[in-house]
Amino acid sequence: ETGVTQTPRHLVMGMTNKKSLKCEQHLGHNAMYWYKQSAKKPLELMFVYSLEERVENNSVPSRFSPECPNSSHLFLHLHTLQPEDSALYLCASSQAGQSSYEQYFGPGTRLTVT
Amino acid sequence: AQSVTQLGSHVSVSEGALVLLRCNYSSSVPPYLFWYVQYPNQGLQLLLKYTTGATLVKGINGFEAEFKKSETSFHLTKPSAHMSDAAEYFCAVSDVWGGSNYKLTFGKGTLLTVNP
């Protein structure tokens, strides 16, 4: 595997389910990100893990819970989601500490909440 | 905080025509600027970036962008569009977040359609 991978690619879940999204980067980076991409809205940064420190966006509801067990893996745990949470969830990675460093994105998980 | 404005949510060109996708930014410090492309059902792929130095930046697939500080712009161009260029394009600026971390602030995207 190369680059940034995400599983599953598609997920349908009910509002009472609990599921997790997985992201893995094979680039030797030390920062990882979760973004939400909804139709007709800019990409929204949800969470950042940088040098194993979690940096939170305070506007993210608590029904989204990230986990970063090491610098290569990132999870997004989902529970009691709402239909408006349906979106494409993108994971990205980069080298931490430099604003000039680009981010590398995975293919995304298309989430549908029913 | 930085912000990015992409003029035109949808641009349509003919195959072989010039592609021009507009991006303006607001930044209180010298910006680092990026263009990404997203093909259907895929993630974002970096086209090019401007950090320092030459203001005309060349990227992949024949695209280039010019940083114009006086106009706070970073427009993306390609001399001759190919059918394979049909995709959504995102302009982004790097921004500090959470003290010492960096994030990308994205524009809303421009969907490029290429007509045969």
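Because the structure is a prediction, the values reported are computed rather than measured.

(A) How the structure looks around the packing of aromatic side chains. Counting across every chain of the model gives 12 aromatic pairs over all chains. Measuring from ring centre to ring centre gives 5.5 Å for F105(A) and Y36(B), while their planes differ by 80 degrees; the resulting arrangement is edge-to-face. Pair noted here: F105(A) is in strand β10 (residues 104–105) and Y36(B) is in strand β5 (residues 33–38), and the two residues belong to different chains. Here F105(A) and Y36(B) have matching classes, each one buried. Chaining the aromatic ring pairs together yields one cluster made of Y33(A), Y35(A), F105(A), F34(B), Y36(B), F90(B) and F106(B).

(B) Quick peek at the interface of chain A and chain B. Facing 25 residues of chain A, the contacting portion of chain B comprises 22 residues. One can count 1 salt bridge joining chain A with chain B. Of the charged contacts, one joins K49(B) and E102(A) as a salt bridge, the two residues approaching to 2.6 Å between their closest N and O atoms. Viewed at the interface, chain B and chain A are joined by 4 residue pairs in polar contact (both at pLDDT 80 or more). For the side of chain A that touches chain B, the secondary structure elements donating two or more residues are β4 (31–37), β5 (44–50), β6 (53–56) and β9 (87–94) of chain A. With 4 residues, the single largest contributor to the side of chain A that touches chain B is β5(A). Of the residues belonging to the side of chain A that touches chain B, the class tally is 13 nonpolar, 9 polar and 3 charged.

About the cut-offs
Residues numbered from 1 in each chain as written. Chains lettered and ligands numbered in written order. Predicted model: local features only at pLDDT ≥ 70, side-chain atom pairs only at ≥ 80, totals over all residues. Heavy atoms only, no water. Phe/Tyr/Trp six-rings, centres within 6.5 Å; stacked < 30°, edge-to-face > 60°. Helix = DSSP H or I, 4+ residues; strand = E, 2+ residues; numbered from the N terminus. Buried < 20%, exposed > 50% of the residue type's maximum accessible area, 1.4 Å probe, protein only. Contact = heavy atoms within 4.5 Å. Salt bridge = Lys/Arg side-chain N within 4 Å of Asp/Glu carboxyl O. Polar contact = N/O pair within 3.5 Å; in protein donor to acceptor, adjacent residues only side chain to side chain. Nonpolar A, V, L, I, M, F, W, Y, C, P; charged D, E, K, R; others polar.

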